[in-house]
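# Fold and contact review
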Amino acid sequence: MIYLILIDMKRFILSACLLVFGAMHLGAQEVVYSLNDEDGVYSAGDKVVVYAEASDDVSVTYDIMNYGVDTLDTRTVKLKKGKKKAVYSKKHKETCHIVLNLSYEGLETPVAVGFVVAPENFTAGYDCPSDLREFWDGQVAQLRKLPIESSLVKVTKCKEKGFEKTECHDLTLNMPEGRPVRGYMALPKDAEKGSLPIIIFAHSAGVNKHFNYATPERAVQYSKYGRGCISVDINAHGMENAQPQEYYDGLYNGELNRYPDRKITGHKDYYFRLMFLRLVRTLDYLTTLPEWDGKTVLVYGESQGGAQAMALSGIDNRVTACVAIVPAMNDLGASKQGRPACWPKARNSRMNKDNPLADEILPYYDAALLSTMSKADYWIEIGLVDKTCPPPAIWTAINVIKGKCIVHTFPFRPHHRPVAPYLEDWKKTNYDPRIEWMNEYLSIL
């Protein structure tokens, strides 16, 4: 049974009229947009209303986009200073995802607001392979034929507050093929046996940007969640830690160049197979530590990191909670139903659009299909104007999750965090509740 919980965000909003708002500034000009439903999620037959209010007289033009990519209509509305006006009003009887790109004279980047109607009806483009569990059980069995060898190098410098109260190590775990597991592990000093849950942080896509690197600061930060945790910040590619920028630039331009876009020729060389297996290896090691409480495992990530979190939750049923922020790799076969897929959109890439093996291999790495095997509770966040990981694709996972699934949406969020003036509202309605939930979950013994 799926429990879809759309959190009531009204307590965070100061105005009942402007439940969700955004504003773009052009000199003294300001246009504020709002929806008649604060989370942008509607039932079939509900009326969807988008309002606009300007600080001065202005004409607003908006493109109505199906799935955020195909233009259905373009309209222009004149706004009077200080008067809120409905720029869009319609009852949608069928499941849909609509994005309005709104602009006015002098505004360089259109403001986007999105909504979904009856998202419980979205289904994955690929059928779930009948041997999905058998395939991944076989991959894990092969992995475990090689005994784990670990290397722990004590970290002596860290800028995170509370570092002196933790044990932090540069961690390496061997792998039978490909790059080893590399990251940082931290846990409270002198923790009692059987007292700590596990939290694993997985990284977003890329190679040579600051958010691609594992850091002791992040490991120490997460080790303080709840009443204390065994925390690991694992990089996605098995890269060495704390290297000069030239090292990561070299990987980006060389060995790891365009890793998501490579031609699919089989499971053996599909890049994400080893990425997912490194997470299994990490969990295999962490569950041997005497400090682990023996039951609690939370995996956490954004975008590609969210895909990894969802994949591990399906592959390994020791995962009890999955926190996936705008997760990638959901509904990789969405184009079969005429919808955009999540990153890396491999089926439609230049290398694979005419490749019959793509449809054979990709279903085994589809985060939505992997979620069918999970026993974990989920926390999922969705940006309703996200083109990288579109809402319908993520909903194909939500609709098959068997455990409790808490869903937070934000109508003004693209793939990355929303910018001002949306940021504070998003923080109150999405980010802060997420951190609170994680802390509460990890405090349960």
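So, a few notes on the structure that sits alongside this text. (Residues numbered from 1 in each chain as written. Predicted model: local features only at pLDDT ≥ 70, side-chain atom pairs only at ≥ 80, totals over all residues. Heavy atoms only, no water.)

## With respect to the overall build of the protein
- When helices and strands are tallied, the protein shows nine helices and 19 strands.
- A globule of 445 residues ought to have a C-alpha radius of gyration of about 22 Å, and the protein, at 23 Å, matches this closely.
- With respect to the three principal axes, the spread of C-alpha positions in the protein is 70 × 50 × 50 Å.
- When burial is assessed residue by residue, the protein has 57% of its 445 residues classed as buried.
- Across the protein, the fraction of contacts at a sequence separation of at least 24, relative to all contacts at a separation of at least 6, is 71%.
- Looking at the protein as shown, the accessible area adds up to about 18900 Å², and 51% of this sits on carbon and sulfur atoms. (Helix = DSSP H or I, 4+ residues; strand = E, 2+ residues; numbered from the N terminus. Rg over C-alpha atoms; globule rule 2.2 N^0.38 Å. Buried < 20%, exposed > 50% of the residue type's maximum accessible area, 1.4 Å probe, protein only. Contact = heavy atoms within 4.5 Å. Areas by Shrake-Rupley, 256 points an atom, 1.4 Å probe, with all protein chains shown as cover.)

## Section: the nonpolar core
- Trp136, Phe276, Met329, Tyr365 and Ile380 are the most contacted members of the largest nonpolar core, which totals 87 residues.
- It is helix 4 (residues 271–286) that provides the largest number of residues to this core, a total of eleven residues.
- Dropping the residues within four chain positions of it, Met329 is found in contact with Tyr270, Phe272, Phe276, Ala307, Cys342, Trp343, Pro344, Tyr365, Asp366, Ala367 and Ala368.
- Residues Leu35, Val77, Leu102 and Phe412 belong to the second largest nonpolar core, which totals 31 residues. (Core = buried A, V, L, I, M, F, W, Y, C linked by side-chain atoms within 4.5 Å.)

## Details of the packing of helix 1 (residues 132–144) against helix 4
- Viewed as axis vectors pointing N to C, helix 1 and helix 4 meet at an angle of 60°, and their least axial separation amounts to 10 Å. Here helix 4 runs oblique to helix 1, going by the angle between their axes. The way helix 1 lies across helix 4 gives a crossing that is right-handed. Only Arg273, Phe276, Leu277, Val280, Arg281 and Asp284 of helix 4 make contact with helix 1, whose side of the interface consists of Trp136, Gln139, Val140, Leu143 and Arg144. (Axes fitted to C-alpha atoms, helices over the stretch in contact; angles between N-to-C directions. Parallel < 35°, antiparallel > 145°, perpendicular 65-115°, else oblique. Left-handed = near helix turned anticlockwise from the far one by under 90°.)

## A look at the environment of Ala321
- With respect to the helices, strands and loops of the structure, Ala321 is situated in strand 17 (residues 321–325).
- Considering only alpha carbons, one finds Ala321 and Cys405, 84 residues apart in sequence, at a separation of 9.8 Å.
- Once you skip the residues sitting within four places of it in the chain, Ala321 turns out to touch Val297, Leu298, Val299, Ala376, Asp377, Trp437 and Tyr441.

## Let's talk about the environment of Ala307
- The topology assignment puts Ala307 in helix 5 (residues 304–315).
- The exposure class assigned to Ala307 is buried, which follows from its relative accessible area of 1%.
- Separated by 58 residues in the primary sequence, Ala307 and Tyr365 place their C-alpha atoms 9.2 Å from one another.
- Beyond its immediate stretch of four places on either side in the chain, Ala307 contacts Phe276, Pro327, Ala328 and Met329.

## Remarks on the pattern of salt bridges
- Considering all chains together, one arrives at 16 salt bridges under this definition.
- Among the salt bridges present, the one from Arg273 reaches Glu177, with a minimum N-O distance of 2.9 Å. Taken together, the residues Arg273 in helix 4 and Glu177 in the loop between strand 12 (166–173) and strand 13 (181–188) connect sequence positions 96 residues apart.
- Classification of Arg273 as buried rests on a relative accessible area of 4%.
- Between Arg318 and Asp284 there is a salt bridge, with its nearest N and O atoms 2.5 Å apart. Highlighted residues: Arg318 in the loop between helix 5 and strand 17 and Asp284 in helix 4, separated in sequence by 34 residues.
- Under the relative-accessibility criterion, Asp284 is labelled buried at 9%. (Salt bridge = Lys/Arg side-chain N within 4 Å of Asp/Glu carboxyl O.)

## A look at the packing of helix 4 against helix 5
- Running from N to C, helix 4 and helix 5 cross one another at 65°; their axes reach a closest spacing of 10 Å. Viewed along their axes, helix 4 and helix 5 form a crossing whose handedness is right-handed. Across the interface between the two elements, Phe272, Met275, Phe276, Leu279 and Val280 of helix 4 pack against Gln304, Ala307, Gln308, Ala311, Leu312 and Ile315 of helix 5.
- Looking at side-chain class alone, the contact of helix 4 with helix 5 contains nine nonpolar, two polar and no charged residues. (Nonpolar A, V, L, I, M, F, W, Y, C, P; charged D, E, K, R; others polar.)

## Focus: the state of the cysteines
- In this structure the tally under the stated criterion is zero disulfides.
- Looking at the unpaired Cys405, the closest cysteine sulfur is the one in Cys322, lying at 8.9 Å. (Disulfide = S-S within 2.5 Å.)

## Re the pairing of strand 13
- Within strand 13, eight of the eight residues are buried, which leaves it mostly tucked inside the rest of the structure.
- Here strand 13 shows no split at all, with Val181, Gly183, Met185 and Leu187 on one side and Arg182, Tyr184, Ala186 and Pro188 on the other all buried.
- Pairing of strand 12 with strand 13, which is carried by eight bridges, proceeds in the antiparallel orientation. Bridge pairing in strand 13 links Leu171 to Gly183.
- Here strand 13 pairs with strand 15 (residues 230–234) via four bridges, running antiparallel. Looking at the pairing, Gly183 lines up with Ile234 of strand 15. (Pairing = 2+ DSSP bridges.)

## Quick word on unusual backbone geometry
- Note the cis peptide between Trp343 and Pro344, where omega equals 10°.
- Considering the arrangement of structural elements, one finds Pro344 in the loop between strand 17 and helix 6 (356–361).
- We note that Met329 has phi near 65°; this positive angle belongs to a residue other than glycine.
- You can see Met329 is positioned in the loop between strand 17 and helix 6.
- In this structure Met329 comes out as buried when scored by relative accessible area, which is 0%.
- Phi at Asp331 takes a positive value of approximately 55°, unusual for a residue other than glycine.
- With respect to the element layout, Asp331 can be found in the loop between strand 17 and helix 6.

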